[in-house]
Amino acid sequence: QMQPVESGGGLVQAGGSLRLSCANSGRTFRGYCMGWFRQAPGKEREFVAAITWRDSISHYADSVKGRFTISRDDAKNTVYLEMNSLKPEDTAVYYCAASTMGNTIVKQITLYPYWGQGTQVTVSS
């Protein structure tokens, strides 16, 4: 069963770093495009980054480009989001999601049928 589980969130000062992990104990992530999304209080859930399966092509939202890095280790069934130079506006619940469109960068929320429960990231100023 596909059930992503996020970890690694927490409280960090502006300028700091965090690494989020997304694991799936029941099934491999092979063949899936994996994405990270975030939702701040009172705002819509938004795309952060995605990585394809076969070629590990990545794509980022403009707001995080150059600061965040998405990667995947299919042998460990784990996807990562390395977040550097964090800003207070990065504060949100971060979600990992899996799309069956494995060789395409998928940014639309509706094309991700599998979601984790989210992990809170809080960046203090």
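Here goes a summary of the coordinates provided. Residue indices follow the written sequence of each chain, beginning from 1 at its first position. Only residues with pLDDT of at least 70 get local features here, since the model is predicted, and only at 80 or more are side-chain atom pairs given and counted; chain-wide, interface and lining totals rely on the full set of residues. Heavy atoms throughout the structure, all of them, feed into the side-chain values; hydrogens and water do not.

A separate point is the packing of aromatic side chains. Pairing of aromatic rings covers Phe, Tyr and the six-membered ring of Trp, with a centre-to-centre limit of 6.5 Å; geometry is then stacked below 30 degrees between planes, edge-to-face above 60, and tilted otherwise. Considering all chains together, one arrives at six aromatic pairs under this definition. Here the aromatic rings of Y32 and Y114 are separated by 6.2 Å at their centres, their planes lie at 75 degrees, and the arrangement is edge-to-face. Of this pair, Y32 sits in the loop between β3 (18-23) and β4 (33-39) while Y114 sits in strand β10 (residues 114-115); the two residues are 82 residues apart in sequence, bridging distant segments of the chain. Relative to Y112, the ring of F37 lies with its centre 5.0 Å away and its plane at 80 degrees, an arrangement referred to as edge-to-face. Here F37, found in strand β4, pairs with Y112, found in the loop between β9 (92-99) and β10; they are 75 residues apart in sequence, far enough to count as distant. Ring pairing ties together the aromatic residues F37, F47, Y95, Y112 and W115, which thus form one cluster. For R45, the ring lying beneath its charged end belongs to Y95, and the centroid distance is 3.7 Å. Secondary structure elements follow DSSP: runs of H or I no shorter than four residues count as helices, runs of E no shorter than two count as strands, and numbering proceeds from the N terminus. Each ring is checked for a lysine NZ or an arginine CZ that lies within 6 Å of its centre and within 35 degrees of its normal; such an atom marks a charge sitting over the ring.

Moving on, we come to unusual backbone geometry. A positive phi is found at S56, a non-glycine position, where the angle reads about 50 degrees. One can find S56 in the loop between β5 (46-51) and β6 (58-60). The backbone of N77 sits at a positive phi, close to 50 degrees, despite the residue not being glycine. Mapped onto the elements, N77 comes out in the loop between β7 (68-73) and β8 (78-83).

All right, on to the state of the cysteines then. Here, the term disulfide refers to a pair of cysteine sulfur atoms separated by no more than 2.5 Å. Enumeration over the complete set of coordinates arrives at one disulfide. The disulfide that involves C22 links it to C96, with 2.0 Å between the sulfurs. Torsion about the S-S bond of the C22 and C96 cystine: about -75 degrees, corresponding to left-handed handedness. Separated by 74 residues along the polypeptide, C22 in strand β3 and C96 in strand β9 bring together distant segments of the chain. A relative accessible area of 0% means that C22 is categorised as buried. C33 carries a free sulfur, and the closest cysteine sulfur to it, the one in C96, is 10 Å from it. Only protein chains enter the calculation, and the probe is 1.4 Å; a residue is then buried if its accessible area is under 20% of its type maximum, exposed if over 50%, and partly exposed in between.

For the rest of this paragraph, the subject is the pattern of salt bridges. By convention in these notes, a salt bridge is any Lys or Arg side-chain nitrogen within 4 Å of a carboxyl oxygen on Asp or Glu. Counted by the stated rule, this structure contains five salt bridges. D90 is the salt-bridge partner of R67, the closest N and O atoms lying 2.7 Å from each other. On the criterion of sequence distance, the pair formed by R67 in the loop between β6 and β7 and D90 in the loop between β8 and β9 is long-range, its members being 23 residues apart. For the residue pair R67 and D90, the accessibility class agrees, reading buried in each case.

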